[in-house]
Structure formats: structure tokens, C-alpha cells
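Residue-level listing of the chains:
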6 protein chains.
Amino acid sequence: MTGKKQYRPMDAMIYPRFEGLRSFMRLPHVTDLHDVDFAVVGVPFDTGATFRVGARFGPAGIRDNSLLLRPYNPVLDVDIFQHCSGVDYGDLPVIPGYLSESHLQIEEGARTVLASGTTPIFLGGDHSVSLPLLRTVAAKHGPVALIQFDSHSDLWPGYFGEKDTHGTPFRRAVEEGLIVVERSVQVGLRGPLYEKSDTAMSREAGMLDITGPELHAMGIEEALRRIRDRVGAGPAYLTFDIDFVDPAFAPGTGTPEVGGFNGYQSLALVRGLQDISFVGFDLVEVMPAYDPASVTSLLAANIIYEFISIIALQKSRKVRG
Amino acid sequence: MTGKKQYRPMDAMIYPRFEGLRSFMRLPHVTDLHDVDFAVVGVPFDTGATFRVGARFGPAGIRDNSLLLRPYNPVLDVDIFQHCSGVDYGDLPVIPGYLSESHLQIEEGARTVLASGTTPIFLGGDHSVSLPLLRTVAAKHGPVALIQFDSHSDLWPGYFGEKDTHGTPFRRAVEEGLIVVERSVQVGLRGPLYEKSDTAMSREAGMLDITGPELHAMGIEEALRRIRDRVGAGPAYLTFDIDFVDPAFAPGTGTPEVGGFNGYQSLALVRGLQDISFVGFDLVEVMPAYDPASVTSLLAANIIYEFISIIALQKSRKVRG
Amino acid sequence: MTGKKQYRPMDAMIYPRFEGLRSFMRLPHVTDLHDVDFAVVGVPFDTGATFRVGARFGPAGIRDNSLLLRPYNPVLDVDIFQHCSGVDYGDLPVIPGYLSESHLQIEEGARTVLASGTTPIFLGGDHSVSLPLLRTVAAKHGPVALIQFDSHSDLWPGYFGEKDTHGTPFRRAVEEGLIVVERSVQVGLRGPLYEKSDTAMSREAGMLDITGPELHAMGIEEALRRIRDRVGAGPAYLTFDIDFVDPAFAPGTGTPEVGGFNGYQSLALVRGLQDISFVGFDLVEVMPAYDPASVTSLLAANIIYEFISIIALQKSRKVRG
Amino acid sequence: MTGKKQYRPMDAMIYPRFEGLRSFMRLPHVTDLHDVDFAVVGVPFDTGATFRVGARFGPAGIRDNSLLLRPYNPVLDVDIFQHCSGVDYGDLPVIPGYLSESHLQIEEGARTVLASGTTPIFLGGDHSVSLPLLRTVAAKHGPVALIQFDSHSDLWPGYFGEKDTHGTPFRRAVEEGLIVVERSVQVGLRGPLYEKSDTAMSREAGMLDITGPELHAMGIEEALRRIRDRVGAGPAYLTFDIDFVDPAFAPGTGTPEVGGFNGYQSLALVRGLQDISFVGFDLVEVMPAYDPASVTSLLAANIIYEFISIIALQKSRKVRG
Amino acid sequence: MTGKKQYRPMDAMIYPRFEGLRSFMRLPHVTDLHDVDFAVVGVPFDTGATFRVGARFGPAGIRDNSLLLRPYNPVLDVDIFQHCSGVDYGDLPVIPGYLSESHLQIEEGARTVLASGTTPIFLGGDHSVSLPLLRTVAAKHGPVALIQFDSHSDLWPGYFGEKDTHGTPFRRAVEEGLIVVERSVQVGLRGPLYEKSDTAMSREAGMLDITGPELHAMGIEEALRRIRDRVGAGPAYLTFDIDFVDPAFAPGTGTPEVGGFNGYQSLALVRGLQDISFVGFDLVEVMPAYDPASVTSLLAANIIYEFISIIALQKSRKVRG
Amino acid sequence: MTGKKQYRPMDAMIYPRFEGLRSFMRLPHVTDLHDVDFAVVGVPFDTGATFRVGARFGPAGIRDNSLLLRPYNPVLDVDIFQHCSGVDYGDLPVIPGYLSESHLQIEEGARTVLASGTTPIFLGGDHSVSLPLLRTVAAKHGPVALIQFDSHSDLWPGYFGEKDTHGTPFRRAVEEGLIVVERSVQVGLRGPLYEKSDTAMSREAGMLDITGPELHAMGIEEALRRIRDRVGAGPAYLTFDIDFVDPAFAPGTGTPEVGGFNGYQSLALVRGLQDISFVGFDLVEVMPAYDPASVTSLLAANIIYEFISIIALQKSRKVRG
């Protein structure tokens, strides 16, 4: 990695982990992304939330709980900063209370990030932010496969007569052709629905769905096999709604659904996607105000750590390859 | 469903889910139960509690966390209000601090509810309330099979020289002949006991017990088979003490026992009883003051949702049948 | 009060105060306001919030903490329901995330309430809701005097290039001529500002301001004298932003400012306005998710109780007069 | 103090304040009260509570927050254990859920304590415990003057048709002649009441009342003068309901009333009674489950410290005198 | 058990479980350990913590949550106090902020405990306390097998240039020859590491490690088989770092790692070691300030209960044997 | 301010206040202090704490709650960044658990800060950090006047036989001649003491003390007069222990003392010192883990804002002068 600026976390042997400004993993806060392999980017927007609200504080909560992350991932066997330079980009500007204006700002902000060639990891915010993010991703990479971990399909046509909320982004994304539906999959859907036809929304949109009860029944390995088969070799985008996880493990979210998955299963699912060609990631719907023991933000930080590990692993293969 | 008043939740597409007075599932608050298929009825009494106290706020906590419930149950495949009219009846009057007087009031209040022909779902309150409820149920239906999910048998003869606490209701119920013991089962019993003979209390009372460790070992499907075999075709009453669930999933209760069951298992057990002929349900021992992330009340609301779904499913079969 | 439906709270000697659905003060939930003297009306809208968010749960939090209120106010010497019939109207529909649409809905909803002749008490929601409420009030009563308790003037021209947030409603109200500025007063303004010219905003708008430090220095009695002098005899509207109160007494709000006023002072200020001719009231910016000991909602409920007491007191005078 | 066992707290220079079992002020846990000057005695009973419940954990909460107390009181200028031997007696046995049985147990337990000649300081528990305590005190000392700090008079005739709750103890005490009403005073009464006649209950019972608003107006010094004048030289009993204090300073209680008094005022009032001939004290209605920052228990522990300081001060005068 | 003082918990049928000073399981607080079979001993020292801090309050938190424990263990089928006399010894003195001085004090304090012949159960405190405890144990019993449940190996050579923190005790213990490494095992290691070589630390030290992912894959029974094989018949010491457990079940700890084990698995692992010849136990890193629902302390208390049950079981066999 | 880099907060009209990494007041994180007028510097060290611990998270908590601060101070009438360039320097490295080593590191770190000529504002950490900070300050400026707001004098000779804890820094500072005692003052001392002689410690050390009760009696204005008279014109250092403030306003601290001062009084005291020649400031003992509603950190951030305002005000006078 000669001739390139190598960004890495503060040294924990000099600065104990409780020290320093709260960037993700205590990475440098850098906005010039030249030669940066991955960038963690906050998208603190939550005007799309239809029930509990406060995901605008999600990025801060996740950063606060990322301090304990260390650079070597023993499960994926990768020493991240041997292969990668990574930064915390800070937050994209948004206008709280103004959905369409903010979506434009997010799209524009994300465009700058993507233009640099870095792999972005976005921290929501509510799930509505995935729509402008996918617009930017598709503008650069063309339509992508979507891998969505979520307890809700977020494919509803609209709420209260309006088209954009955190329950509608993927309906819009499908309509706009941002997603290659036949390579896409929604995983973990569960909980009461408005009507029976809701159960068919994923398939009607052309996507595969693996419901929560199905995932409980088939297990992680089988699910991974199906996801990998579905997504294949092209570019993919991973969106992780923290409400995929059971409320005991992730209470701090806006529309929790019981009967979900634990932390170990969540990590295993992400790690198992190490061979997918990801062009971007987001993790959304973390709400610190509903997370008194901080376990939600802590798990979210660890899931993001797996995203980063996959980026580093793929980087190391290219170098070695 | 002609000629009948059809009660259903507020419309979430007009009134967002955080709106309106906090009835269960935002059902109408109605006390005339004529032609009502199910009624959610609070029994906010906790004078029977021997350790932590505060289950008098259980009904309010559960209602607050029932707002996200939607009408279609995808696992049981039933669209509840296609088949059912349901209401929140409010709370039965009690006299805090006065156990026998309140038990009489509860019995009387429940009698009015049952007289209407509606299927009642009672929200405790501590577990002592199941005694007057069973008295009312047996007065109407005769002795019933009891299905009890609980970490404690609540069959102790007495506490501190007194006969009525939340640890004694089923001893009293057996003595009074309210329960058909040979059709009854206690599921999930675990945790330290006073003495070895306590392990035999269920069987000595004539009931089947499936202890927590046994349930962990045999799994949900086998347990369901045994419960169904045991209960058979006659009328049954389900009582769900939230301390059946592990404290990570349900910390907000009065006498938590570690090593319990998760939310998914709890839901699966209830759903699996869809063919039992229930004449009533209760869910007890939710204490919001010990539930900082509200996960206990949220899970309780979802378990009650499964009770309602079973009522609706059986209703739909009768109509179709 | 013959021939008129008399609505009053549930009887606490039959139904203990923890019983029943959580309406304000356990008043009946009634939407036909014919012959109703006052109505408590939720406006659970918080899309205008620029920092912390979650005031959409304010009405529920206040209702939960209004259960202890009893009907006789010993300071104002008025037995409310001797003179008044009062109800909880429920919440006005809004569209979370859609500010202008919701403001129209709020205006329309409030119009129905005001058309009935009842005196409305609105529970926010963020402070942006005062704008549509004032539009409705002015449409009925003409421009009114504004009495605003607040640590911020909420007279900013705009935020982020947008005209409507919770920091701008009174700028808009002045521009639209909804307020008689020469009869209006802002009380309690304090805390750091963007620039020096912000200190002149009240006066430039034509209103009197009594800053927080001035109020600390002059005391409650002198402040009341000035407010009464300013407002005079015509119709007035009182808006109470809970951040007027010191964060020790009201932590559960969106933009708290230290160095504020205690509960006793807050109550005394409201009580002291018993002779003003109020045509409406609101209390805004209560956020239960930031109120772990519920003291904010409890104080808010008691402030609203003083509003109600003033209505009853004036009613009793008219009857006697 | 020769020939007498001298009990004093653990030495904080050897055992840091977070060490050891949680007795009050880390005093020895001793039940033989021979030659003990004061004893702190828990009365963890809360079946008399009509709204929030959980004061059974009050003694534990207060003990947990008494660890920082040191032996020298600089305001009263008394070095407590120079003059006194003091212990933590532990808790009196009660039967949760059984009011009259527990009142008998409390009376009996307190009788043993008083028989020893020690000055007792009782930690509630709800306010209903003051009735059996006063019975015991009056049995030993004859009727006593009552000094009650409280936001409620607790003189109601009954609740829900029952005679004993935490709202009725002093009505019963007056009826039973346990109190010398003409030497007694209730201080701090405030908040909404059921009806106008409630404002006269203290005076009708023959006691002086200084309401909350009156106390705010007259100030601590004048109030102390009136209390001292009222009580005079005979034996007196002090009961301190923590809801006397404002909810910002004492949120952890069952029926909080806003507009109350701060910690400094509360301490000053107790200290100012240093010349009263006290035969016993209680402090009631502390509920740790509603006290997330522990400030209620901390203040309660400090108020009890003032009780102890008065005992020590009077002891020192006798010795010197 | 003739001629021997038999210490057992307070009688829950006379003193309800919320009564009394908070000793472990409400055992007598006794420091003369003559003829005592087991003693629970607090070691409230946390100066070794490198991230979150506050385990000095661990013993108090665990005691508070041990009140519900009853004397008969149904899984191990042992009625503890039929075979054992047990006490709460209180806390060992330490000097907060002074690590080497405190380690000497702990060593000295533990020596007194061990000298009595009682089996000690130490409550940390941070994990650094295991070092002086092992020194004491080895001084008495010679080098012992170590069974460590933990998400971290705590074998780091040092932190910040210092040799003693909570991340280093077992490196020191190995260096000092306190542990028979070839009979020792570390179970549950997981989470990000500093570098790849960290994964080899256990094996390089001569110990067996079963990582978290390995344990998830092999299951409890297989792990138990390997641990028993490894440890064999000689004296063993069990150290349980509560961060072995998943943060959903044990959020209240200093360096939580997601993807861990649940309460049932944790109990099963401990119970399965009933045939090991234990000479001592510790449970460390419980931090009540990060445990809002108290589930961490509750689980810790139950794990300690299993330690006690094993002691009793082995005692009963010897007697019978 | 020509030719000089002007650092100021992020623009709140572009980046809403919840955006960005959490530096103090969202100032740039800069470590080159050339031409910087003030620098906020974290000192996250808490090994000196003798009771509750966790002030290492104080700087993070204060930064999180400083986001709402705006640049114009209306009470002091100063527009800060018109006159000043200010930054967040980040945290000084420390070694948790190692007091003397860390004090050296703090001294060295602070020396670099002071060498730049910037005015430092240090965020503790526990109060022991004031000792190395004063060493650095005195090394540069010579002995300084100390203005200490605190409920404890922190002049104890030692604890547990050790010389350095958070209760001893000013004893050491006096011994080392770092303080001009005859120009120094301790304000707010209160609460129980170890013995009577403790009341004389300030005066014996040569300092003036204004105890808490004295301050309550004399009022803010008189206290300010005395402080100003005492301190005079030479260089001064202000240390603010947040436990000066009453626990209702600042519960999140390590050794809270009831009967303290409110937020308004605290701000007024600091503002009133605008003419003192300060060479440095610290604010210590904030513990976020004990601050569930964040009011402690919020008040701390506002007190620091007053420090900054004084710096700016004095700067503006020099420029104008």
C-alpha cells in the first residue's frame, strides 16, 4: 500500500478506548476520500418514521458503541487495516422535517462519497434514506441486487396518502428500476400485517422473500445458500434494518417485532455473505432514546464491523489474487 | 356478518399508530358486549404479589405496546376482523390492598363479561387474579382444562400463614374443583424451589408438568403434542404468566427466573394451540416499572394477539364449517 | 346546569386511579362537543422539531400522568365540575413527516373543535402546531393576544432555508396577522442565541418580552402585573412550551435550556392569569422518551389542570355574575 | 460513655464507602437494643398504596443511598457517635397483601423496639404504617404531638369503602386518641383535592395546617416558629412523607405533587426542630422503582441523618446539662 | 451435622423476600468461618478496568438480585442446607485507585478465608482480582486447573505499558505458575482482536481454548465433555466473567461482546461441571450502573447459586459416600 | 483578527444540531493551538474516585450535551466568535488505573496546551486531575488564586493511607505552593463531615470558605462580592466540581450532596466572575452513567459556555481597550 495515505483507528495502547471524539471505531474524521477504501457515513434523517421517532441520533449512538472494536476479525480471519484505509466521513446534511428536500440532499451527498471510489457504509436514520442512497448507487453502478434484512418489506405503496415514508422505499426503488429484483431478497419478514395480500408483496415485486418463521425453520446455513444463489455475482447493496433482530437484542428501534433473531445469528448471516460483490451498505432504524442498555447500538456497530471486514477481505484477495 | 355491530381498530392509514387513547390494539372501548366476539379486559390488581409489585399497571403497559399490531396474522393465516368483532372493555374495578374483597369484585365483573357470550382475554394483574377468573369460568362452563405457561406452579398451600397470594391460586382452584386436573398441564416450571417435594406439586395435584429444562430438551413441537394430547377436546382456559419467558425477553415481571424461553418459542407455543377449545385467556405479571425498554409489554401484547388470532381462526372455521 | 350532559372524570372511589383507559384526568372520550365547556385535544405532531424529536408521544405521556388530578383546586378555590362539563376529545389526525399537509389537517381538526363553542386545550406536539391552531383561533375570534411561556421566542425567519419548524411559528403568526402584537408577551426567553440581534426579535415583532433573567430578578408577582397590563381585556391565547421550565423539573423536552423556572413558579404564573379572557390554550414540546422519572409529563398535566381551573372559575363567575 | 457498647459505622478509611452489606450508614445490624440510643428500623409494607406501589423497597433504597453519610453534622454542630450508640435493626416482619394482619405485626415489632428505650427511626413503607407505629408510640408515651410533613393530609375517612389505606392513617389516629391534636401540625399540604371540604380536614380534626402555598409564602423560619409554638414541650412524633418534597427532588414516590419544596428547605425544616422532644420518627413513601437517578433515596437518607443528629444533639445536652 | 453451627438463609415464610439487609441469598453475615462450608465474599475492586468502570458495585448488585433464590436446586437435585452451612462474609477491604496495594490486600483477605477451610465464592470486581485470588488459592492448594468462561482471554502482556489490568491476570498467573495450564481451559472467547496472533494466546500459554463460535457449533454437551476431559480430577478454580454471556442477557458489564450465550446455556455449562474438584470460584465484571433491568445481576446470582449447589452436592456425596 | 485562522462551530443552518462528530459545541477538532484563543480539553481520568466511578466518560457526556449552545451570550452580551477562535483539542492520554503515571501524563499534556498561549478549559475526570493541571498552570503562571465551587473542600490529607484521590488535590496543591491561598476561596461546602475539625480545613489552609448554608443565606450577589474581593487582580484558576449543584439539577456525579444550588444560581456565580483574570478552568466529576435524563451534562456544558463567554468578553475588551 505504498504512496497512499493509510487511515486507521487511534492506537488503543496509547489512547484508552474511552478517549477521543466519537468517530466510528475511532477512525479519523476525513472528508477527502481519495484513496480511502471504506467510509462510514452518517445519514441522520428520521422524518420518514411513522411510529417512534429519533433515528436521527442513530449514527451518534452507533459511534458511541463502536469504541471497543479492534482491527482483527477472527471469524473472517482478516486484519482490516493491513488491507484497507478507512475513515469516518461524518454526516450528510439533511433538513429535518423535509422529506423530499432531504432525500435530494442525501442523494447529492452520497454521490460525492461514491464518486471517490470508496465503498460507503451508511448509518441511518430511518429506512426512508435507503431510497436516495439506492438512487445514487444505481446512478453509478446501474441497478443492483438488494439484500434486505428486515422484519418489514417496506414495499407499501404509501401511508396516509403520501408516497414516501420508512415503509415505502423499496416500492419506490422497484418502480424506479434501481433494483434487479430477480437477484434480490428480503430476509426476516414477520409480524402482523394489514391484510393477507401483504404477504405477497415481495414476490409480486419480483423479489425472493425468506420470512422470519421460514428462517427460524431452515436455519442460517440454508438461508445463506439461498441468498447467495439468488444474488449471484453482480453488484449488490445490503440494507440492514435493525428491527430484523429480536427486541431483546435490539429494543432501540422504531417498529420492533418480537420473535426475531439473536445477535449471533445476525452476525453469522452477514459474515456468510463475504463473497458477494457489495457496492454499498446501510444499517438503519437505530434509536438510542429507546435503548437504555445500549445493546442495540452495540450490536449495530458489530454488524457494521462485519461489513468492513468483508470489504477488507475482498481487498486482500484482490491484492493476493 | 350482517346485522351485527362490527368493532375493529382505528384505521392506521388515517390515524397514525401513535394517535388516540390507548386501548388494546386501538379497539373501541365498549362495555356493552352484545354480539362481541372477544373482549380485552384489564384486571389491574397486584395485592397478591410477594416480591416486586406493580402489576396493577400491567394492562396500561400492554395497551401502550399493542399499537403496532395489525389485523392479519400471517402465521395462522387469519384476517381477524373479517371474522370477529372485538373490543377493549376497560378494567374491572378492584380495591387495592384488599384481596378477598377484590377477588369478589373480579369474579362479579368477569361474570358480566362472560354472560355476554364474548370470549374474554384478561390482562393482569398478579397471578392471584386467575383464581376469581377461574371461579367465574367454571361457574359458566363447568370445570375446565388449565394450560399454564409459567416458571412457577403457583400451587403452594399458602404464604406467611395466608391462603391467597400470587403463589397459591391453582392450589385453591384445584381444591375448589374449578380445574379438570387430568386434562391440565403446567409448562415451563423452573428455578430454585423451597424443597424437593415442590417438584411433585403438579403431579400430586393431578396435573401434567413439563418443566423448563424438559421443554428445552424436548423442543416446542413435542411439547405441543403432549399439551394437545393432555387437554383434548373439552373447554380449556389458558393462563400465561409472563415469567415463563426469559428475563432477557421479559425483565418486567415480579419474580423473574433465568434460563427461560425466548419470544419466538413463546409465540410458537401459543400458536400451536389453535385447535384447543378455549373459553378464556389471561396474561399476568407484567410490571412496566421494571421494563425500561418496554420489551416485556411488547411481547405480552403479541402473545395476546395470538390469543385473538386463535379466536378468529376458530370463528372462521365455524362459519365456513 | 339543567338539561345538559355533564361529563366528569371516572369516580376514584369506585375505580382506583390506575384503572381505565388513559384519557386526560380520566374524563370521558367524547367527540360530540355540544354543550361541552372544555375539551382536551391531542395534536401529536413533531415533524417541526429541529433537535430531539418525539413530542408526538406528548399527549399520551401527559394523559398517563394526569390520573392523580382531583376536581377541586384549592388555590383558585374552584370545584371544576360544579361549573363545567369537560371531555378528552382524543387526537387530531396528522401525517407524520408532512408538515404543511399536517398543518392543514390540524387547522381543520381544530376548526371543528372551536365551532362547537367549547374552550380547547391542545396538547402538542412540537411548537410548530401553534401556527395552525392560531390560524383557527383567529379565524373564529379575530386576532388574539398571545401569552407565550417559553425559553425561545420561536420568531426565527426560517431554518435550513425552510419557513416552518418549531422555531418559526410566531414569526409566521405575526406575518399573517393572527396575533395582536401590542397585547402580546413572551415570557422566560433565555439561553445562548445565534446573534445579538436575536435579543430584539420580540420587540421588533411588536411584542413585549420578559426574559428569563428579568423574570428571575422581578419575581412572579411583578411579571404577572406586567402581563395583565399588556394583555388587557380582549381575547387571548396561552401557549406554554414546557422548556420554559428548568430541566431539573422538565427534562423531557426537545431543546432544554438550563437556568429556568421551577414547578411552583410555573403554576403560580398560570394561576395568576385567572382574569384573562382566554379563547384557547396549548402546551407543547413534552417528550416522554427523555423523561425517565415522568416529572415533565406530571408537571405538564398540572399546568393544564390550571388552565381547566381558570375556565371553570370564569364559568362560575358568569353563572353567579 | 463507659461500660456501654458503642455502635458506630464501619470505618471509611479502612472500608471504602462502597463496601459492606447495605445497612443504614453502614451501622452494625443489631437486634439487641440494650443501651442503644437510636435504631433505624425498616417497615417494608406497601399494601396501603392506592396508586403507584413499591414502597416495600423503600428501606433498601434508602440504605443504599446512606453510604456517604459521615458522622459530624456541621450545621447542627454535633459529632453523632461522640454521644450516641446507633444501629440498624433490620426490618419488621410483615405480610404483603394483608393490611390488618401486618399492622398488628408492625405494632408488635415496634413495641419490642420501643421497650428497649431506644429512639426509633422507622423507614416505610407506605404511609399506612404510621398508624400501627403511632399506636405503639402512644401505648408507651401516651398521646403525642404529631408533626407531619406531607403534601396530603391523609385524613380521609376511607377509600373504596375500606378504612385503612395510606390516605387514612391520621384520621384513624385521631379517632383512637393517639395524637394530641391541639399540639399537632400538618405542613406542606397541596395539590388538587376531591372537594372543597377537604381543605378543612386538618382544622376539623383539631390540627394546625400550613399548606404548601402558605409555606412558600411565609418561608421556613416563620413556619418553624409556628410549628415550635404549636408543639411545645411534650413528647412529639415526626412523620415525613417524601412527597412533601417537589418531584424534581423526589420523583420516586407514589402520589407526587408538583409545586413542592426543595432539598435545602426540607433539611432546614427538620433541623429547625432540634429542640422538640421527639419520641420517634418515620420517613415514608420512598419508591426506588420510580427513582432512576436515586435522588429521592439520597435525600431521604439525609433527612434521616438530621433525625439522628437531633437525637445526638439532645443526648449531648443532657450529658453536658 | 451435629455439633456444628448451621447457617442458612432467613426464613421466607416469616420474612418476605424483600425484607432484611441485602446479604447474598439472605444468608447470615458472618466473618468467623469455622465449620462453614461455603462463603460468599465480595471483592469490590475495579481499578483494573480499561473501558467502562463500576464493578466495585458488582457485589451489591448481585446480592440485591439473589433474594429470590430458594434452597432446593431441582436440576442438580440437591437441598443445599441439608448438607451445607453457608454465609455471606461481606467484602474484602481494598483501596480504590491503587492496584498493587489492593491486590496485596485481596490476597491477604482471601488467605484468611481459605485458611478456614471453607470453599470461597468471590464476587468481583473487575477481572484483575482473579490474580491475587489465584495467588492465594495456589499458595494453599498448589497450582490449579483454571476453567474460565469469558469472551476475552485476559492473557494480554500489558496495557499502556503497565502489567496489571483486567486484561492481563491470566498472563501473570501463567508466568507465576499458579495455573496447571495443561489442565486449563478458556471458554467462549470471541469478538474482534488486536491482531491475528491474539487468537493463539491461549494455546501458546498451554491452555485449551473453545472459542465462542466453536462453542456455538459444538453445543453445550460436547463442550462439557472436552472441559471435563481437560480438567480431570485435580483441584480446579472456576472464574466466570459475566461478559461470556450475550449482552441481551448481561448488558451490565464493562466490555460486552455480542454474539454470546444465553442464560440457559450459561447455567447448563456450570451445572455440567458438578464432578470437578473445585477449590474456589469467582464471578466478575458485573456493573449495575449499566444494568437498567437488573438482568445481569439476576443471572449472576443464579450462576453463583449453581456454584453453591455443586459444593452442596459434593458435600452430600462425601457424607453418603 | 486578520491573518489568523478563525475556528468556530459548524453552521447550524446547514448542519442541524444533531449532525456531526460530537466535539464540544461542534467546534473543530484541532490539536495545533497556534493562534487559538481557547481550547476545550478532555481529561478522562477517574482512578481517583473513592465512591461512584465513571467520570472518564464525563468529557463525552458534556460534548453530547453541548450541541445546542449558540454563539451569542445574551447575559454577558458577547458574540463569542467575533472575538475568539476556539477548538476542541480532544482528550489528554491517561492510563486508567495508574494514578501517579497518569498525573504525569496529564501534566505533560496540559503543558503542551498551555505552551501555545491558548486559555484551556479542562473537562474531568474526577477531581484528582486538578492537581496535575494546577502544577502545569503554576509552572507557567506562578502560583494562582483558586476559585473552587464544590460541596467538598478536597483538602483531606489522604484516604486509606494514600495521598492522592479526588478528595486530596488541594491539600497537595497547597503543600506544593501552587495556590496563593490568601487570594483563594472555596464555595458551597456542605454535607456531613468526618469530624468537627474538617470544618476548619479551608481556613487552616489559608483559604476563605463560603459554606453552602452561608451561600444560601447571603445570596449570590454578596458571595460574588466576597469572591472578587478575595481574588483580586492576579491570575486565577477556576475549578468547578459539578457536585456544587444540587442533585436534582446534577444527579450524575460521584459523591452528590443534597441541599445544594440550582442551575440558575450556578450560572450566575460563574458569570459574575467576568472581571477575574483567569488563566484556566476545569469542570469535573460529571458521570453520565448516573445521569439518566442528561441534565447534569447539559448544565455542565452551559457552565463551560460561561467560561468561554468570559474569555471572549475579556478578549473583546482588550481589542477595544
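For the structure itself, consult the block above.
So, how was this worked out
Residues numbered from 1 in each chain as written. Chains lettered and ligands numbered in written order. Predicted model: local features only at pLDDT ≥ 70, side-chain atom pairs only at ≥ 80, totals over all residues. Least-squares fit on C-alpha atoms with pLDDT ≥ 70 in both. Buried ≥ 20, exposed ≤ 12 C-beta atoms within 10 Å, placed from the backbone. Helix = DSSP H or I, 4+ residues; strand = E, 2+ residues; numbered from the N terminus. Pairing = 2+ DSSP bridges. Right-handed = clockwise from strand over helix to strand, strands pointing away. Contact = placed C-beta atoms within 7 Å. Axes fitted to C-alpha atoms, helices over the stretch in contact; angles between N-to-C directions. Nonpolar A, V, L, I, M, F, W, Y, C, P; charged D, E, K, R; others polar. Parallel < 35°, antiparallel > 145°, perpendicular 65-115°, else oblique. Left-handed = near helix turned anticlockwise from the far one by under 90°.

Enquirer: Any chance you could explain the relation of the copies chain C and chain A here in plain terms?
Expert: Take chain C, turn it by 180°, move it 0.0 Å along the axis, and it overlays chain A with an RMSD of 0.0 Å. In the structure described here, the two chain copies are related by an operation that fits a two-fold rotation axis.

Enquirer: I keep staring at the pairing of strand β7 (residues 185–189) of chain C and nothing clicks. Help me out?
Expert: One face of the sheet, then the other: side chains in a regular strand alternate in exactly this way. Residue and element names in this part refer to chain C. With 5 of 5 residues buried, β7 lies mostly within the body of the structure. Bridge count for strand β6 (residues 145–149) against β7 is 3 bridges, and the pairing is parallel. Across the sheet, F149 pairs through a bridge with V187, a residue of β7. After leaving β6, the chain enters helix α5 (residues 169–175) and then returns to the sheet as β7, a path that is right-handed. Sheet analysis places β7 next to strand β8 (residues 208–211), joined by 4 bridges and oriented parallel. When the bridges of β8 are listed, Q186 appears paired with D209.

Enquirer: Looking at this structure, I do not really get unusual backbone geometry. What am I missing?
Expert: Trans peptide bonds make up the majority, and among non-glycine residues the majority have a negative phi. In this structure, the amide linkage connecting G124(D) to the following residue, G125(D), adopts the cis form with an omega of 10°. In the Ramachandran plot, D35(E) falls in the positive-phi region, its phi being about 65° despite a non-glycine side chain.

Enquirer: I tried to follow the environment of A300(F) on my own but got confused; where do I start?
Expert: Residue and element names in this part refer to chain F. With respect to the helices and strands, A300 occurs in helix α9 (residues 295–320). Judged by local crowding, A300 falls into the buried class, with 31 C-beta atoms found within 10 Å. Each C-alpha atom, one on A300 and one on R8, is 20 Å from the other, the two residues being 292 residues apart in sequence. Those residues within four positions of A300 in sequence are excluded, and the remaining contacts are I62, I242, L283 and V286.

Enquirer: It is not clear to me how the sheet that holds strand β4 (residues 86–91) of chain C should be interpreted in this structure. Could you clarify?
Expert: The strands making up a sheet associate through hydrogen bonds between their backbones, and the pairing can be parallel or antiparallel. Residue and element names in this part refer to chain C. Across the sheet, which stays open at both edges, the 8 strands sit in the order β4-β1-β5-β10-β9-β6-β7-β8 with parallel pairing between neighbours. Whereas interior strands pair on both sides, the edge strands pair on one side only; in this sheet they are β4 and β8. Each adjacent strand pair in this sheet contributes to an overall mean axis angle of 15°, direction not counted. As defined by bridge partners, strand β5 (residues 119–124) adjoins strand β10 (residues 277–284) across 3 bridges and the pair is classed as parallel. Following the sheet pairing, L123 is matched in β10 by L283.

Enquirer: What exactly am I supposed to notice about the relation of the copies chain A and chain E here?
Expert: Note: a rotation about an axis with an accompanying shift along it relates these two copies of the chain. Each copy of the sequence occupies a distinct position, and chain A is placed on chain E by a rotation of 120° and an axial shift of 0.0 Å, giving an RMSD of 0.0 Å. With respect to symmetry, the two chain copies, as superposed, fit the operation of a three-fold axis. Scanning chain A for the C-alpha nearest the rotation axis identifies A248(A), at a separation of 3.4 Å.

Enquirer: Help me out: how do you make sense of the interface of chain A and chain E in this one?
Expert: The accessible area lost on association of the parts is a frequent measure of interface size. Listed per partner, the contact involves 25 residues of chain A and 23 residues of chain E. At the level of secondary structure, the elements contributing two or more residues to the side of chain A that touches chain E comprise β2 (72–73), α8 (263–271) and α9 (295–320) of chain A. By residue number, the principal contributor to the side of chain A that touches chain E is α9(A), which donates 5 residues. In terms of residue class, the side of chain A that touches chain E is made up of 19 nonpolar, 3 polar and 3 charged.

Enquirer: Is there a simple way to think about the packing of helix α7 (residues 212–231) of chain C against helix α8 (residues 263–271) of chain C in this case?
Expert: In helix packing, the relevant descriptors are the interaxial angle and the interaxial distance, both defined with respect to the helix axes. Residues and elements named next belong to chain C. The N-to-C vectors of α7 and α8 enclose an angle of 20°; their axes lie 10 Å apart at closest approach. By the angle between their directions, the pair α7 and α8 is classed as roughly parallel. Between α7 and α8 the crossing geometry is right-handed. Between α7 and α8, the contacting residues are I220, A223 and L224 on the first element and Q265, A268 and L269 on the second. The class makeup of the residues in the contact of α7 with α8 is 5 nonpolar, 1 polar and no charged.

Enquirer: Before we go on, may I ask you to explain the interface of chain C and chain A in this structure?
Expert: Counting residues at the interface gives 18 residues for chain C, matched by 18 residues for chain A. Across the side of chain C that touches chain A, the residue classes tally to 9 nonpolar, 6 polar and 3 charged.

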